[in-house]
Amino acid sequence: APDIPVANVKAHLSQFQSIATANGGNRAHGRTGYRASLDYVKAKLDAAGFTTTIQQFTSSSRTGYNLIADWPGGDTTRVVMAGSHLDSVTAGPGINDNGSGSAAVLETALAVSRAGLQPTRHLRFAWWGAEELGMVGSRYYVNNLSSTNRSRISAYLNFDMIGSPNPGYFVYDDDPTIEQTFKTYFSGLGVPTEIETEGDGRSDHAPFKNVGIPVGGLFSGADYVKTSAQAAKWGGTAGQPFDRCYHSSCDTIANLNDTALDRNADALAYAVWTLSS
Ligand code: DTR
Ligand code: CA
Ligand code: ZN
Ligand code: ZN
Ligand code: ZN
């Protein structure tokens with residue numbers, strides 16, 4: 001798998017920051033900043049040769065949107081998906097939550113295009129709307145899959161908060177094969193990981209898991225506090241939250257740890273390359 005340039009990921013995050021600033025300070029469901037974020041991501045993918053689809057839904061009497069991007073080719077009876085929610089809370093620009101996941105998934109998709117990757121399995125990328133309202137967009141997507149199309153999804157990888165300023169390195173403990181793929185990558189870096197336990201039912205992998213699709217993902221921590229043992233192995237500050245700006249107005253472009261963002265983006269690419277061939 002290629003190295004994902006963290007500068008490219010940060011460039012997308014700067015765009016999300018500018019979009020929030022130009023749209024009332026957020027990128028929340030039903031607000032102009034959300035659709036502007038989606039239009040930015042879609043334009044990049046269209047230019048890179050993806051087949052993009054916007055899926056519309058209603059939540060809290062406002063229109064929401066999922067963006068689905070298919071990389072042409074591969075065995076469409078075996079689909080590997082990677083996704084992240086694109087919406088923020090109304091309190092702020094949502095750069096770590098979840099611009100970080102959205103930007104890393106976007107840059108990985110663009111790396112697939114740059115490489116002209118021809119995976120054995122079909123690759124599909126997704127940016128979900130209205131996760132903050134209760135995983136509304138991802139649930140809508142899963143609920144609207146035919147049973148045939150649902151059975152064709154062999155893996156869903158989720159990335160929700162992967163650049164936390166006081167980062168931990170958590171790997172979802174759901175599907176063992178997917179978990180091992182991520183753990184192999186991080187052990188190659190010499191970075192210890194912990195299993196992600198608090199998140200089941202709290203992000204967009206839940207609707208996929210609920211219908212029996214193998215899921216996995218990465219997480220750098222939210223409002224929980226980093227222990228001294230965790231600070232000893234990961235650095236950062238014990239006794240402080242992994243992200244003290246979680247769901248706050250200070251979740252801006254300054255609310256990131258670039259090393260965590262870089263490592264997680266590279267792990268994302270490694271998993272996409274490995275699991276799709
Ligand atoms: N609920 C997510 C943030 C979140 C909190 N714990 C986890 C665990 C795994 C993934 C995500 C999360 C949100 O606020 O978007
Ligand atoms: Ca990198
Ligand atoms: Zn959130
Ligand atoms: Zn989130
Ligand atoms: Zn889990």
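Residues numbered from 1 in each chain as written. Chains lettered and ligands numbered in written order. Predicted model: local features only at pLDDT ≥ 70, side-chain atom pairs only at ≥ 80, totals over all residues. Heavy atoms only, no water.

A. Broad picture of the confidence of the model for the chain. For the chain, the mean per-residue pLDDT works out to 98, and 100% of the residues sit at or above 70. At the level of chain-chain contacts, confidence expressed as ipTM amounts to 0.95, with global pTM at 0.98. (pLDDT = per-residue confidence, 0-100.)

B. Region of interest: the coordination of the zinc ion (ligand 5). The protein atoms donating to the zinc ion (ligand 5) are Asp-174 (OD), Asp-174 (OD), Asp-200 (OD) and Asp-200 (OD), with metal-donor distances spanning 2.0 to 2.8 Å. Of note is the zinc ion (ligand 5), whose 4 donor atoms meet at the metal with angles of 51 to 129 degrees in an arrangement that counts as irregular. Placement of Asp-174 in the loop between β6 (170–172) and α6 (176–189) and of Asp-200 in the loop between β7 (194–196) and α7 (205–210) is noted, with a sequence separation of 26 residues between them. Classification of Asp-174 by relative accessible area gives buried; the value is 16%. (Donors = N, O, S within 2.8 Å, 3.2 Å for Na, K, Ca; no water. Tetrahedral: all angles 85-135°; square planar, octahedral: opposite > 155°, others 65-115°. Helix = DSSP H or I, 4+ residues; strand = E, 2+ residues; numbered from the N terminus. Buried < 20%, exposed > 50% of the residue type's maximum accessible area, 1.4 Å probe, protein only.)

C. Up close: the side chain of Asn-98. Mapped onto the elements of the fold, Asn-98 is located in helix α3 (residues 95–115). Here Asn-98 falls in the buried class, since its relative accessible area comes to 0%. A distance of 3.0 Å separates a polar side-chain atom of Asn-98 from the backbone nitrogen of Gly-101. Among all residues touching Asn-98, those that are not within four sequence positions of it are Arg-27, Ser-84, His-85, Asp-87, Phe-159, Asp-160 and Met-161. (Polar contact = N/O pair within 3.5 Å; in protein donor to acceptor, adjacent residues only side chain to side chain. Contact = heavy atoms within 4.5 Å.)

D. Local environment of the coordination of the zinc ion (ligand 4). With distances of 2.0 to 2.5 Å, the protein atoms coordinating the zinc ion (ligand 4) are His-85 (NE2), Asp-97 (OD), Asp-160 (OD) and Asp-160 (OD). For the zinc ion (ligand 4), the single-chain donor residues occur in sequence as H-x11-D-x62-D. The zinc ion (ligand 3) is placed at 3.6 Å from the zinc ion (ligand 4), the two being bridged by Asp-97. On the criterion of sequence distance, the pair formed by His-85 in strand β3 (residues 75–85) and Asp-97 in helix α3 is long-range, its members being 12 residues apart. When sorted by exposure, His-85 lands in the same class as Asp-97, which is buried.

E. Quick peek at the nonpolar core. Within the largest apolar cluster, 63 residues are counted, with the highest numbers of intra-cluster contacts made by Phe-125 and Trp-127. No other element matches helix α9 (residues 258–275), which puts 10 residues into this core. The next biggest cluster of nonpolar side chains, apart from the first, holds 13 residues, and it includes Ile-68, Val-79, Val-142 and Tyr-156. (Core = buried A, V, L, I, M, F, W, Y, C linked by side-chain atoms within 4.5 Å.)

F. Region of interest: the sheet that holds strand β4 (residues 121–128). With mixed pairing, 8 strands are arranged side by side in an open sheet as β1-β2-β4-β3-β5-β8-β6-β7. A strand with exactly one partner marks an edge of an open sheet, and here the two such strands are β1 (51–59) and β7. For this sheet the average axis-to-axis angle between neighbouring strands, irrespective of direction, equals 25 degrees. As paired strands, β3 and β4 are joined by 8 bridges and run parallel to one another. Its bridge partner lying in β4, Ala-82 is registered against Phe-125. The sheet contacts of helix α2 (residues 32–47) involve β1, β2 (62–71) and β4, and relative to β2 the element is tilted by about 15 degrees. The sheet contacts of helix α4 (residues 136–143) involve β1, β2, β3, β4 and β5 (153–159), and relative to β1 the element is tilted by about 110 degrees. (Pairing = 2+ DSSP bridges. Axes fitted to C-alpha atoms, helices over the stretch in contact; angles between N-to-C directions.)

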